[in-house]
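Commentary on secondary and tertiary structure
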Amino acid sequence: MNRPLHNVLVVEDEAAIADTVLYALRSEGYAARHCLLGGQALQLLRQEPVDVVVLDVGLPDMSGFEVCRTLRTFSDVPVIFLTARNDEFDRVLGLELGADDYVAKPFSPRELVARVRARLRRAVAPAPAEAAGWQQHGRFAIDREGRRIRFGEQLLDLTRYEYALMAALLQRPGAILSRAQLMDRGWDTDADSADRTVDTHVKTLRAKLRTAGAEPDPIRTHRGVGYALEV
């Protein structure tokens, strides 16, 4: 049975890298398009439906971070950053802006295709049934239908992946959830980056909870096991 044709936009100014990525995606049956510039990509994304964006950070006209920031004002299309930079600051910034994944150069084209496939699986997965209205869990309250979480009376300003992680922890307050369990409840990525991705989001969540007055830290680390939330 033929797989549905998905549209992938590759935003990359290095011709050799773009050609390699486009070939790998098309070989797997994806409809892959290419933009050299961030502004060009944003114009296309406003006009045409795309299922996944592979976005280089270092573009000639504007940074990939700025492209992602602007994109998130009008679209929730999954974004995979493609970059030569792999330090923690860049990973945190990319995730805070709403990116879904982060691939550092040099990379395997097969790995990138696997990341794209994972994003598409998550995008088409049916959402679980959710109870309407606010549900109280100790100092926290969650509105799953509205995808909102409060600490005390303060509404937390969460990215969609920070929300997914907190929602998973609030489903089972006090229970220790492994990184793999948290990844499965929130988003898909490859096993090699799972620990890194969850840990990065926990770090940004802790900072936002501190700002909201959550002391001591309600997210407990259980080394070698996972995380739990004390409500």
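Described in the following lines is the structure provided in the data block. (Residues numbered from 1 in each chain as written. Predicted model: local features only at pLDDT ≥ 70, side-chain atom pairs only at ≥ 80, totals over all residues. Heavy atoms only, no water.)

**Details of the sheet that holds strand β7 (residues 140-143)**
Two pairing modes exist for strands in a sheet, parallel and antiparallel, and in both the strands are linked by backbone hydrogen bonds. In spatial order, the strands read β6-β7-β8-β9; together these 4 strands make up an open sheet with antiparallel pairing. A strand with exactly one partner marks an edge of an open sheet, and here the two such strands are β6 (134-137) and β9 (154-155). Inspection of the sheet shows β7 paired to strand β8 (residues 148-151) by 4 bridges, in the antiparallel sense. Residue pairing across strands places Ile142 opposite Ile149, the latter belonging to β8. This element, helix α6 (residues 160-171), spans β6, β7 and β8 of the sheet and lies at about 115° to β7. (Pairing = 2+ DSSP bridges. Helix = DSSP H or I, 4+ residues; strand = E, 2+ residues; numbered from the N terminus. Contact = heavy atoms within 4.5 Å. Axes fitted to C-alpha atoms, helices over the stretch in contact; angles between N-to-C directions.)

**Quick look at the packing of aromatic side chains**
All chains considered together, the criterion is met by 2 aromatic pairs. Each ring, one from Phe65 and one from Phe81, has its centre 5.2 Å from the other, and the planes form 75°; the classification is edge-to-face. Within this pair, whereas Phe65 is found in helix α3 (residues 64-71), its partner Phe81 is found in strand β4 (residues 79-83), the two being separated by 16 residues in sequence. Across the pair, Phe81 and Phe65 agree in class, each one buried. Ring centres 5.1 Å apart and planes at 65° place the aromatic pair Phe140 and Phe151 in the edge-to-face group. Of this pair, Phe140 sits in strand β7 while Phe151 sits in strand β8; the two residues are 11 residues apart in sequence, bridging distant segments of the chain. A relative accessible area of 0% places Phe140 in the buried class. Looking at Arg150, its charged tip hangs above the ring of Trp134, at a distance of 4.1 Å from the centre. (Phe/Tyr/Trp six-rings, centres within 6.5 Å; stacked < 30°, edge-to-face > 60°. Buried < 20%, exposed > 50% of the residue type's maximum accessible area, 1.4 Å probe, protein only. Lys NZ or Arg CZ within 6 Å of the ring centre and 35° of its normal.)

**Regarding the pairing of strand β3 (residues 52-56)**
Here β3 lies mainly inside the structure; 5 of its 5 residues are buried. Side chains Val52, Val54 and Asp56 project from β3 onto one buried face, and the interleaved Val53 and Leu55 project onto a second face that is buried too. As paired elements, strand β1 (residues 7-11) and β3 share 4 bridges and run parallel to each other. What sits directly across from Leu9, in β3, is Val53. Here 4 bridges tie β3 to β4, and the two strands are oriented parallel to one another. Residue pairing in the sheet places Val54 in a bridge with Ile80 of β4. The handedness of the β3 to β4 crossover, carried by α3, is right-handed. (Right-handed = clockwise from strand over helix to strand, strands pointing away.)

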